[in-house]
Amino acid sequence: MKLSNGTIEIEVALHGAELASIKKDGKEYVWQADPKFWGRHAPILFPIVGKVWNDEYRVDGKTFNLPQHGFARDADFYVIKETADELILGLDSSKETLAKYPYNFHLEAKYTLEGSTVHILWTVTNPTDKEIYCSIGAHPAFNYPEFCPEDDTHAYAELYNEAGEIVKDLNISVLGAKGCCTPGKKAMSIEGGRLALKTNSFDDDAIIQEDSLVKTVTLFDKEGNKYLSLYSKCSEVMAIWSPVKKNAPFVCLEPWLGRADMVEYSGEYKDKDWMHKVEPKQSLEFDYNITV
């Protein structure tokens, strides 16, 4: 399904409500899902972000199973609204989802265009009379500009806080056993404020900054020209990732409301780090923008 405003054109798939393309002046910005590296474009992460320990989690003492990043990315959405400049897709709880995630929900994915910007809004609504819990996040992948596998550096990134100030010092979460987080944080300093995205930058997996510190990530090409920017006002966690030790031709910029379990976490789902409660008949909104 396509939207165009004369400046940019996007494509969104019904499967996963996944943003599959952003084009401007003939240039494709979204990774085209070559399974040799990673067979996705920009999945919706719901109702978890990352991994739960042993793919298991507990609600009121009962154990459920979920794979990494949940099930929304592999579900077929339906069209709620489609106009020349707006698309809204929906997903509802079902017998199948309730077997994995014991909460009723309505999830909407809204895409609109403004100039060179794609506005993305995801809304989780609780239709019941009991509170529900969830995480939600984005995982969009962007082509490196003029990628050359022989280059040591593929692009650069600048990270900004909500005040628009460059973030130079990070305390990043470290992924350990079974894709879950280890205790403590690792200090990371970005020399000069511009992070070089190199062939080995993700040998230890994603760079994950918590505590709502990073709100904007801007990519620059190898010559230092601005290429693309992602902003999420609501994000609590921002991750940057490319497949481990694959020298892949893309990088993912990932704003999250949520994060993987801690290693050996055995508590209740509702008590996970960065978990969100949605009150009866209320909604949780998650939004981010991509500007090319």
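Residues numbered from 1 in each chain as written. Predicted model: local features only at pLDDT ≥ 70, side-chain atom pairs only at ≥ 80, totals over all residues. Heavy atoms only, no water.

### Description of the pairing of strand S16 (residues 169-173)
- Pairing geometry for S16 and strand S17 (residues 186-189), over 4 bridges, is antiparallel. Each bridged residue has a counterpart across the sheet, and for Ile 172 the counterpart in S17 is Lys 186.
- Sheet topology places S16 next to strand S19 (residues 207-209); 2 bridges connect them, and they run antiparallel. Counted as the bridge partner of Ile 172 is Gln 209 from S19. (Pairing = 2+ DSSP bridges. Helix = DSSP H or I, 4+ residues; strand = E, 2+ residues; numbered from the N terminus.)

### Points about the environment of Phe 202
- Tracing the backbone through its elements, the reader meets Phe 202 in the loop between strand S18 (195-198) and S19.
- Here Phe 202 falls in the buried class, since its relative accessible area comes to 3%.
- When neighbours within four sequence positions are excluded, Phe 202 is seen to be in contact with Tyr 144, Leu 197, Ile 207, Ile 240, Trp 241, Ser 242, Val 244, Lys 245 and Val 251. (Buried < 20%, exposed > 50% of the residue type's maximum accessible area, 1.4 Å probe, protein only. Contact = heavy atoms within 4.5 Å.)

### With respect to the sheet that holds strand S8 (residues 78-82)
- Reading across the sheet, the 9 strands line up as S8-S9-S10-S11-S25-S21-S20-S15-S18 and stay open at both edges, with antiparallel pairing between neighbours. Strand pairing shows two members of the sheet lacking a second neighbour, S8 and S18, which therefore form its edges. On average, adjacent strands in this sheet sit at an angle of 20° to one another, irrespective of strand direction. (Axes fitted to C-alpha atoms, helices over the stretch in contact; angles between N-to-C directions.)

### Focus on the environment of Ala 75
- Note on placement: Ala 75 falls in the loop between strand S7 (62-65) and S8.
- Sequence separation between Ala 75 and Gly 16 is 59 residues; the distance between their C-alpha atoms is 5.2 Å.
- Once residues lying within four places of it in the same chain are set aside, the contact partners of Ala 75 are Leu 14, His 15, Gly 16 and Leu 91.

### Examining the sheet that holds strand S1 (residues 2-4)
- Taken together, the 4 strands give an open sheet; going across it, the order is S1-S2-S3-S4, and neighbouring strands pair in antiparallel fashion. Each of the sheet's edge strands pairs with one partner strand only, and the pair in question is S1 and strand S4 (27-28).
- Strand direction decides the pairing type here: strand S2 (residues 9-12) and strand S3 (residues 19-24), joined by 4 bridges, are antiparallel. Looking at S3, one finds that Ile 10 is bridged to Ile 22.

### Points about unusual backbone geometry
- Omega for the peptide link from Phe 46 to Pro 47 comes to 5°, which places this bond in the cis form.
- Note on placement: Pro 47 falls in the loop between strand S5 (44-45) and strand S6 (56-59).
- With phi around 50°, Asp 25 is a residue other than glycine that occupies positive phi space.
- With respect to the helices, strands and loops of the structure, Asp 25 is situated in the loop between S3 and S4.
- A positive phi angle, near 70°, is found at His 69, a position not held by glycine.
- Mapped onto the elements, His 69 comes out in the loop between S7 and S8.
- The class of His 69 is buried, set by a relative accessible area of 6%.

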